[in-house]
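# Fold and geometry: a report
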Amino acid sequence: MIENRKSDHVAIASERDVNSHYNYWDDIQLIHNAMPEINYDEISTETYFYRRNLKYPIIIESMTGGFSQGKVINENIAKVASELQIGMGVGSQRILLKKKELTDTFSVIKEYDIPLRIANIGAPQLIEQHREKAVTDDDLYYIMNVLDAHFIDIHFNFLQEVVQPEGDKKAKGIEMRLKEICSKFPVIAKETGAGFDYNTGMRLKRAGVMAIDVSGVSGTSFAAVEHYRAKELNDRVRERLGLTYWDWGIPSPYSVMTLNNIGLKIISSGGIRNGLDVAKSIVIGADLAGIAGHALRFAREGYRPLLEEMQTIVEELKAAMFLTGSKSIESLRTKKYLVSGRLKDWLEYK
Ligand SMILES: Cc1cc2nc3c(=O)[nH]c(=O)nc-3n(C[C@H](O)[C@H](O)[C@H](O)COP(=O)(O)O)c2cc1C
């Protein structure tokens, strides 16, 4: 069932329009500098995420593994991540705890020199669910070792769980277990398209996470993905829930702006489509920008289409740096920006 679910998600997300109806990145404008006083060729996009050194402040986000096409996609992403020296996550490794024979669909990425490798498990798996036991520390060591991972994403996906026909809807006790896990593992708390607000960010900080990957509203909507799956499964109630909650959540740039000075590293994701969105992410206070849905379509086509798209994205990032007079990522962080539209409404919420 899980295996089918993952291949359904990959197919639906790359063949249908499952984006939220509003992309909040369009509500941010960077300010043009007509006399930048820097040379384009001397721009440095290099950055650090803790001690990991990346050539660009970009990761390709957690998406897949656990089935044969998932292995091909992970390998295509891994080759590109190694070529460009950017970070990479894999999809939920929950399936490995039952089917060790699928290990290579994830571990394939170990064959490439990727500067930031991120393991992945769902927050619902931290506690016992109806049909499944909670993950143990040994399980977490195992899934990290499969990738030789530098960090582990614990993904919060309750919007998806509530819409999905077979969703895990128990959430009591996660915070306490997260605290224990954070004392032993380098954890990144990650959403999957519905974002984090300030209060949740502070609770995550108190639990001891090292970073927050906001994955907010603007791009892939898991309510939309599950809407289409429920439709295929003839589950009328879930089909309707998916429609109603299509745009539910906290906008990605709002999440970044509210969490950017709580003392944690912030990954900006959810709706990043190009290098200008990456530049906006850095300007509003993120450390890295993460791309999922947009990269998936290219990754499915092959290594070369994904490489060409990611090379275009880094050129777009450099163009934004040049046109704002930023010769380094540090300098880009200090630039001013203008906020309009619905994002401005969100910023009035305290
Ligand atoms: C097909 C697909 C599968 C995904 N699977 C996972 C997953 O297993 N674990 C996870 O943390 N996030 C998963 N995500 C969520 C992404 O990592 C990301 O948080 C979300 O899609 C928002 O980014 P985007 O708008 O760039 O797509 C998945 C996304 C897609 C499109």
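Scroll up for the structure.
Residues numbered from 1 in each chain as written. Predicted model: local features only at pLDDT ≥ 70, side-chain atom pairs only at ≥ 80, totals over all residues. Heavy atoms only, no water.

Every second residue of strand β11 (residues 288–291) is oriented toward a common face, with Leu288 and Gly290 on one face and Ala289 and Ile291 on the other, all of them buried. The sheet contact formed by strand β4 (residues 58–60) and β11 spans three bridges and is parallel. From the neighbouring strand, Ile58 faces β11, where its bridge partner is Ala289. As paired strands, strand β10 (residues 265–269) and β11 are joined by three bridges and run parallel to one another. Across the sheet, Ile267 pairs through a bridge with Leu288, a residue of β11. Chirality of the crossover, the property in question, places the unit of β10, helix α11 (residues 275–283) and β11 among those that are right-handed. (Buried < 20%, exposed > 50% of the residue type's maximum accessible area, 1.4 Å probe, protein only. Helix = DSSP H or I, 4+ residues; strand = E, 2+ residues; numbered from the N terminus. Pairing = 2+ DSSP bridges. Right-handed = clockwise from strand over helix to strand, strands pointing away.)

Moving on: the packing of helix α2 (residues 68–84) against helix α12 (residues 293–301). Contact geometry for α2 and α12: axes closest at 9 Å, N-to-C directions at 105°. Here α2 is positioned roughly perpendicular relative to α12, judged by the angle of their axes. Note on element contacts: α12 touches α2 through Leu296, Ala299 and Arg300, opposite Gln69, Ile73, Asn76 and Ile77. Here the contact of α2 with α12 is built from residues that sort into four nonpolar, two polar and one charged. (Axes fitted to C-alpha atoms, helices over the stretch in contact; angles between N-to-C directions. Parallel < 35°, antiparallel > 145°, perpendicular 65-115°, else oblique. Contact = heavy atoms within 4.5 Å. Nonpolar A, V, L, I, M, F, W, Y, C, P; charged D, E, K, R; others polar.)

Note on aromatic pairs: each is described by the distance of the centres and the angle between the planes. One pass over the full model with this rule turns up 12 aromatic pairs. When the ring of Tyr40 is compared with that of Phe322, the centres are 5.6 Å apart and the planes differ by 80°; the resulting orientation is edge-to-face. Highlighted residues: Tyr40 in the loop between β1 (28–30) and β2 (47–49) and Phe322 in helix α13 (residues 303–323), separated in sequence by 282 residues. For Tyr40, a relative accessible area of 24% corresponds to the partly exposed category. In this structure Phe322 comes out as partly exposed when scored by relative accessible area, which is 25%. Ring pairs connect the aromatic residues Phe49, Tyr50 and Phe151, which therefore count as one cluster. Stacked on the ring of Tyr303, the Lys or Arg Lys79 has its end atom at 5.1 Å from the ring centre. The ring of Tyr50 is capped by Lys265, whose NZ or CZ atom sits 5.5 Å from the centre of that ring. (Phe/Tyr/Trp six-rings, centres within 6.5 Å; stacked < 30°, edge-to-face > 60°. Lys NZ or Arg CZ within 6 Å of the ring centre and 35° of its normal.)

The subject of this paragraph is the sheet that holds β4. What holds strands together in a sheet is hydrogen bonding between their backbones, with the strands either parallel or antiparallel. In space, the eight strands of this closed barrel follow the order β4-β5-β6-β7-β8-β9-β10-β11, with parallel pairing throughout. Going from strand to strand, the sheet's axes swing by 25° on average, the running direction of each strand aside.

This part takes up the site of the ligand. Contacts to the ligand come from 23 residues, most closely from Ser62, Ser92, Ser215, Thr220 and Gly293. In this structure, an oxygen atom belonging to the ligand sits 2.4 Å away from a side-chain N or O atom of Thr220. About the coverage of the ligand: the protein hides 97% of its 600 Å² of free accessible area. Placement of the ligand is best described as lying within the largest pocket. Elements with a minimum of two residues in the shell around the ligand: α1 (2–15), β8 (187–191) and α12. Per-element tally for the shell around the ligand: the top contributor is α1, with four residues. (Near = heavy atom within 4 Å. Polar contact = N/O pair within 3.5 Å; in protein donor to acceptor, adjacent residues only side chain to side chain. Areas by Shrake-Rupley, 256 points an atom, 1.4 Å probe, with all protein chains shown as cover. 1 Å grid on protein atoms, 1.4 Å probe; cavity = no way out; pocket = protein on both sides within 12 Å on 5 of 7 lines; lining within 4 Å. Sits in = over half its atoms within 2 Å of the grid points.)

Quantified by volume, the largest pocket comes out at close to 870 Å³. Residue lining of the largest pocket: 50 residues in total, with Ser62, Met63, Thr192, Thr220 and Phe222 positioned closest to the centre. Listing elements by their share of the lining of the largest pocket, those giving two or more residues are α1, β6 (116–122), α5 (158–163), β11 and α12. Residue contributions to the lining of the largest pocket peak at seven residues, all from α1. Residues that form the lining of the largest pocket fall into these classes: 12 nonpolar, 29 polar and nine charged. The space that makes up the second largest pocket amounts to roughly 500 Å³. (Points joined across faces, edges and corners; volume = space filled by probe spheres on them.)

Turning our attention to the nonpolar core. Ranked by internal contacts, the top residues of the largest apolar core, which has 98 residues, are Leu178, Ile212 and Met310. No other element matches α13, which puts nine residues into this core. Those residues within four positions of Ile212 in sequence are excluded, and the remaining contacts are Ile188, Ala189, Phe196, Gly201, Leu204, Leu259, Ile262, Leu264, Lys265, Ile266 and Ile267. Among the nonpolar cores identified, the runner-up in size contains 10 residues, and Phe49, Ile59, Leu116 and Ile267 belong to it. (Core = buried A, V, L, I, M, F, W, Y, C linked by side-chain atoms within 4.5 Å.)

As a further point, take empty space enclosed by the protein. Applying the stated rule across the entire model yields one cavity of 30 Å³ or more. Here the largest cavity is characterised by a volume of approximately 40 Å³. Taken together, Ser20, Leu159, Gly193, Gly216, Val217, Ser218, Gly219, Thr220, Ser221, Trp246 and Trp248 make up the lining of the largest cavity. Residues of the lining of the largest cavity, tallied by class, amount to four nonpolar, seven polar and no charged.

Glancing now at the pattern of salt bridges. Scanning the model with the defined rule gives 18 salt bridges in all. Across the salt bridge formed by Glu15 and Arg300, the nearest N and O atoms sit 3.0 Å from each other. A residue pair is termed long-range when its members are at least 10 positions apart, and Glu15 in helix α1 and Arg300 in helix α12 qualify at 285 residues. A residue is classified by how much of its surface remains accessible, and Glu15, at 56% relative accessible area, is exposed. One salt bridge connects Glu232 with Arg16, and the closest N-O pair in it is separated by 3.6 Å. One end of the pair, Glu232, is in helix α8 (residues 222–232); the other, Arg16, is in the loop between α1 and β1, with 216 residues separating them in the sequence. (Salt bridge = Lys/Arg side-chain N within 4 Å of Asp/Glu carboxyl O.)

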